Amino acid sequence: MKTILVTGGAGFIGSHTTLELLNAGYNVVVMDNLRNSKEEALRRVEDLTGKSVTFHKVDLLDVEGMTRLFTEYSFDGVIHFAGLKAVGESVENPLLYYQNNLIGTINLCDVMGKASVKNMVFSSSATVYGDPQTNPIPEDSPVTFVNPYGFTKLNIEYMLRDLQRAEPEWNIASLRYFNPVGAHKSGEIGEDPSGIPNNLMPFITQVAVGKREKLNVFGGDYPTPDGTAIRDYIHVVDLSVGHLKALEKLETDPGMVTYNLGTGKGSSVLDLIKAFEKATGIEINYEITDRRPGDAVQCYADPTKAENELGWRAERDLETMCRDAWNWQKKNPDGFPSDRV
Ligand code: WQD
């Protein structure tokens, strides 16, 4: 049975991927610093799967702690989610992002190399496409960064590429997520942002559950059919399954590969609101306000490469994403409780 280390495995995508790994028969060890997550998510993954997850509270900047993990366990691969991911916070505090995301990943790769663990699936982001001029977006589209968070994602990709070129025994899959939303159908795990949500779907579900008075729609004057910005929303379970397909791909010694994980369908902000209202029967109070600086007009994937090379495609539609996101939120109005004592 293969053993996988999941960094950031207590987080939104990390916990959903841990669940899929367990159901697929992997042993899973999770390291997470619990800065933006709760261990409770892993306890619920154990309840849902009937399997155990080994958890270690370890930070990417704790080289000794990571070294101990790679001494204690014999990992077959690493899925690397751990990292800070709030665009606004990255603009306010860039050094925090450069230190945590860049230096943290360098630390991880160094510890992996010394332990001869050279298979990695990396959590990248469609943010590396900036404000794309053409959609849908294939992987060979121009890349850039429009904020320090995006700078770290793109430069980690470059670092991993250079590492793999220098040491060809490394096999690395970089997965560029579009907009992950939704939750496991049980409603037991889901997206649990701290404070006021930056992202659209958790803000909608908090309006629906009565935690927020109304949704501000950032911009109604974009050059799109209904004037609101377009994104590629993808169900978090589809995204998680994509990680298992990427892990399998590493077994064919692919070197360094990059895939877009998106549905290939663009949906506007108003499309998502309508889909949510249709899926749940709940009307969302919203007001169209000014554009949010830095937002792209349109950003949706061409997922052909992942379909052809990973045998993966997103299966869940927008209404399912909304229904599952709402199921999580209504069962957990305040997100995960504080960790069990
Ligand atoms: C989606 C659309 C907003 C909130 C970011 C990161 C990306 C990834 C996902 C980490 C946009 C609009 C939003 C609100 C709104 N994160 N919106 N009112 O900006 O596409 O991507 O999150 O990996 O890297 O860049 O996602 O959900 O913030 O916004 O109108 O209260 O919803 O303007 O058009 P985004 P988002």
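Residues numbered from 1 in each chain as written. Predicted model: local features only at pLDDT ≥ 70, side-chain atom pairs only at ≥ 80, totals over all residues. Heavy atoms only, no water.

Let's shift gears to the sheet that holds strand S5 (residues 119-125). The sheet built from 7 strands is open, its strands ordered S3-S2-S1-S4-S5-S6-S11 with parallel pairing. Looking at the sheet topology across the chains shown, the edges are occupied by strand S3 (54-57) and strand S11 (256-261). Taken over all neighbouring pairs, the strand axes of this sheet differ in orientation by 20° on average, direction set aside. Two strands pair when backbone bridges link them, and strand S4 (residues 77-80) and S5 are joined in this way by 3 bridges, in the parallel orientation. Residue pairing for S5: Val-78 is matched across the bridge by Met-120. (Pairing = 2+ DSSP bridges. Helix = DSSP H or I, 4+ residues; strand = E, 2+ residues; numbered from the N terminus. Axes fitted to C-alpha atoms, helices over the stretch in contact; angles between N-to-C directions.)

A word on the packing of helix H9 (residues 269-280) against helix H11 (residues 318-331). Running from N to C, H9 and H11 point in directions that differ by 65°, and their axes come no closer than 8 Å. Between H9 and H11, the angle falls in the class roughly perpendicular. In this structure, the crossing between H9 and H11 has a hand that is right-handed. Residues Asp-271, Leu-272, Ala-275, Phe-276, Lys-278, Ala-279 and Thr-280 of H9 touch H11, and the partners they reach there are Leu-318, Glu-319, Cys-322, Arg-323 and Trp-326. Within the contact of H9 with H11, the residues separate by chemical class into 7 nonpolar, 1 polar and 4 charged. (Parallel < 35°, antiparallel > 145°, perpendicular 65-115°, else oblique. Left-handed = near helix turned anticlockwise from the far one by under 90°. Contact = heavy atoms within 4.5 Å. Nonpolar A, V, L, I, M, F, W, Y, C, P; charged D, E, K, R; others polar.)

It is worth spelling out the site of the ligand at this point. Within the structure, the ligand sits among 19 residues, and Tyr-149, Leu-200, Asn-216, Arg-231 and Asp-295 are positioned closest to it. Taking Ser-125, its side chain carries an N or O atom lying 3.0 Å from an oxygen atom of the ligand. Arg-231 places a side-chain nitrogen or oxygen 2.6 Å from an oxygen atom of the ligand. Bound to the protein, the ligand loses 89% of the 690 Å² it would expose on its own. Sorting the residues of the shell around the ligand by element identifies helix H7 (200-208) and strand S8 (215-218) as the ones contributing at least two each. For the shell around the ligand, the leading source of residues is S8, giving 4 residues. A breakdown of the residues in the shell around the ligand according to their chemical character gives 10 nonpolar, 6 polar and 3 charged. (Near = heavy atom within 4 Å. Polar contact = N/O pair within 3.5 Å; in protein donor to acceptor, adjacent residues only side chain to side chain. Areas by Shrake-Rupley, 256 points an atom, 1.4 Å probe, with all protein chains shown as cover.)

Moving on to the side chain of Ser-186. For Ser-186, the position within the fold is in the loop between strand S7 (179-181) and H7. Within polar-contact distance, the side chain of Ser-186 engages the side chain of His-184 at 2.7 Å. A polar contact is formed between the side chain of Ser-186 and the backbone nitrogen of Glu-188, at a distance of 3.1 Å. Other than its neighbours up to four places away in sequence, Ser-186 contacts Leu-48, Asn-327 and Lys-331.

A few words on helix H5 (residues 94-114). Here H5 contains 21 residues, and its C-alpha end-to-end distance of 29 Å stays within 8% of the 30 Å for a straight helix at 1.5 Å per residue. Here H5 has its buried residues at Tyr-97, Asn-100, Asn-101, Leu-102, Gly-104, Thr-105, Asn-107, Leu-108, Cys-109, Val-111 and Met-112. For H5, the secondary structure elements touched by its buried residues are strand S1 (3-7), helix H3 (63-72), S4, helix H4 (87-92), S5 and helix H6 (148-166). (Expected span 1.5 Å × (residues − 1). Buried < 20%, exposed > 50% of the residue type's maximum accessible area, 1.4 Å probe, protein only.)

Now for the sheet that holds strand S12 (residues 267-268). As summarised here, the arrangement of the 3 strands in space is S12-S9-S14, forming an open sheet in which the pairing is mixed. In this open sheet, the two edge strands, each paired with only one partner strand, are S12 and strand S14 (298-299).

A few words on the layout of surface pockets. Volume-wise, the second largest pocket comes out at about 160 Å³. Contributing to the lining of the second largest pocket are Ile-106, Cys-109, Asp-110, Gly-113, Met-159, Leu-160, Leu-163, Glu-167 and Trp-170. Sorting the residues of the lining of the second largest pocket by element identifies H5 and H6 as the ones contributing at least two each. In terms of residue count, the dominant contributor to the lining of the second largest pocket is H5 (4 residues). Split by residue class, the lining of the second largest pocket holds 6 nonpolar, 1 polar and 2 charged. (1 Å grid on protein atoms, 1.4 Å probe; cavity = no way out; pocket = protein on both sides within 12 Å on 5 of 7 lines; lining within 4 Å. Points joined across faces, edges and corners; volume = space filled by probe spheres on them.)

Right, let's get into the environment of Arg-165. Considering the arrangement of structural elements, one finds Arg-165 in helix H6. Residue Arg-165 is classed as exposed on the basis of its relative accessible area, which comes to 59%. As for Arg-165 and Gly-255, which are separated by 90 residues in sequence, their C-alpha atoms are 8.3 Å apart.

Our next topic: the nonpolar core. Counting 42 residues, the largest nonpolar core has Leu-21, Val-121 and Leu-247 as its most contacted members. Those elements that provide at least two residues to this core are S1, helix H1 (12-23), strand S2 (27-32), helix H2 (40-49), strand S6 (171-177), helix H8 (236-250), S11 and helix H10 (304-310). Ranked by residues supplied to this core, first place goes to H8 with 7 residues. Ignoring sequence-local partners within four residues, the contact set of Leu-247 consists of Ile-4, Leu-21, Tyr-26, Ile-79 and Val-121. Grouped together as the second largest cluster of nonpolar side chains are 25 residues, Val-58, Ala-82, Val-117 and Ile-156 included. (Core = buried A, V, L, I, M, F, W, Y, C linked by side-chain atoms within 4.5 Å.)

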